[in-house]
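This is what each chain is made of:
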Amino acid sequence: MNIVLLGAPGAGKGTQAAQLVEKCAIAHISTGDMLRAAVKEGTPLGQKAKSYMDAGDLVPDDVIIGLVTERLQDADTKAGFILDGFPRTSAQAVALDAELSKLDRPLDAALLISVEPEVIVGRLTSRRMCKECGCIGTATDTVCPKCSGEMYQRDDDNEATVRNRLDVYEKSTAPLIDYYRGCDLLVEIDGDRDPKIVFEDVTKALSL
Ligand code: ADP
Ligand code: ZN
């Protein structure tokens, strides 16, 4: 199963991806996680990406396309993959199509998790992440609900940056919804519900 996840920042892509990965034993390719790891390690990629990420802007297409193309060569993606945070622009979608047809591994679905912008602002500004396992929690979690690790707030989860990320999403990424609808791959799920209910809908929609 090869899936692209679409949806605004904070729509719950990461949460649904984690459950899909567990259920289907496929590779989770989160460009946000890959970039944050590069920033933390201080690699040349991380140094290049950091200022874009802190502002809530997109990292340049050539950088991110190179990163994903390389990741898709890894053996663990052969059993299937879920792309979380990529593609985010038309150029990225076109590059992905080209690479996947080269690899002869076409997409099975583009899963759109829909949530209204005002709900997103509330979610992201109260979002906290676990330093140890990357698990997603809220401002009320003093420690990680999964592993008791320390929780932190992402640098880009402040209100000003969140609003910019939403603008960028509307301008650059939302057009991909029509792109994938045109390819007959779009599956839309209402993401403004309990994550467990959302996942039930996801599994039904993908016949898992
Ligand atoms: P979000 O919660 O906004 O979905 P992510 O963790 O997916 O956050 O991404 C965080 C940041 O990393 C983005 O705001 C952007 O700067 C950068 N980024 C991630 N994926 C991409 C991509 N496909 N193209 C360009 N920039 C990206
Ligand atoms: Zn944890």
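Higher on the page you've got the structure.
Residues numbered from 1 in each chain as written. Chains lettered and ligands numbered in written order. Predicted model: local features only at pLDDT ≥ 70, side-chain atom pairs only at ≥ 80, totals over all residues. Heavy atoms only, no water.

A.B. asks: Lay out the coordination of the zinc ion (ligand 2) with the relevant residues and their values.
C.D. replies: Those donors, C130 (SG), C133 (SG), C144 (SG) and C147 (SG), are the protein atoms that reach the zinc ion (ligand 2), and they lie 2.3 to 2.4 Å from it. Each of the 4 donor atoms around the zinc ion (ligand 2) contributes to a set of angles spanning 104 to 117°, which defines the coordination as tetrahedral. (Donors = N, O, S within 2.8 Å, 3.2 Å for Na, K, Ca; no water. Tetrahedral: all angles 85-135°; square planar, octahedral: opposite > 155°, others 65-115°.)

A.B. asks: Report on helix α7 (residues 159-173), specifying residues and quantitative values.
C.D. replies: Counting along an α-helix, one turn takes 3.6 residues, and residues three or four places apart therefore face a common direction. Counted at 1.5 Å a residue, the expected span for α7 with its 15 residues is 21 Å, and the 20 Å between its end C-alpha atoms agrees. Residues of α7 that are buried: T161, V162, R165, L166, V168, Y169 and T173. The arc that holds the buried residues of α7, viewed along the axis, is 165°, so those residues lie on one side. Within α7, the exposed residues directed more than 90 degrees away from the buried face are A160 and K171. (Helix = DSSP H or I, 4+ residues; strand = E, 2+ residues; numbered from the N terminus. Expected span 1.5 Å × (residues − 1). Buried < 20%, exposed > 50% of the residue type's maximum accessible area, 1.4 Å probe, protein only. Arc of directions from axis to C-beta.)

A.B. asks: Give me the pairing of strand β5 (residues 127-130): which residues, what numbers.
C.D. replies: If a strand is regular, its side chains alternate between the two faces of the sheet. Two strands pair when backbone bridges link them, and β5 and strand β6 (residues 136-138) are joined in this way by 3 bridges, in the antiparallel orientation. Within β6, the position partnered with R127 by the bridge is T138. Between β5 and β6, which pair antiparallel in sequence order, lie 5 residues; one of them, G134, sits at a positive phi of approximately 80°. Relative to strand β7 (residues 151-152), β5 runs antiparallel, the two being bridged by 2 bridges. Bridging across to β7, M129 finds its partner in Y152. (Pairing = 2+ DSSP bridges.)

A.B. asks: Please give an account of the packing of helix α2 (residues 31-41) against helix α3 (residues 44-55) that cites residues and values.
C.D. replies: For any two helices packed against each other, the geometry comes down to the angle between their axes and how far apart the axes lie. Two elements in contact, α2 and α3, have axes whose closest approach is 8 Å; the angle formed by their N-to-C orientations is 115°. The way α2 lies across α3 gives a crossing that is left-handed. In this structure, α2 uses G32, L35, R36, A38 and V39 to contact α3, whose residues at the interface are L45, G46, A49, K50 and M53. Of the residues assigned to the contact of α2 with α3, the class counts are 6 nonpolar, 2 polar and 2 charged. (Axes fitted to C-alpha atoms, helices over the stretch in contact; angles between N-to-C directions. Left-handed = near helix turned anticlockwise from the far one by under 90°. Contact = heavy atoms within 4.5 Å. Nonpolar A, V, L, I, M, F, W, Y, C, P; charged D, E, K, R; others polar.)

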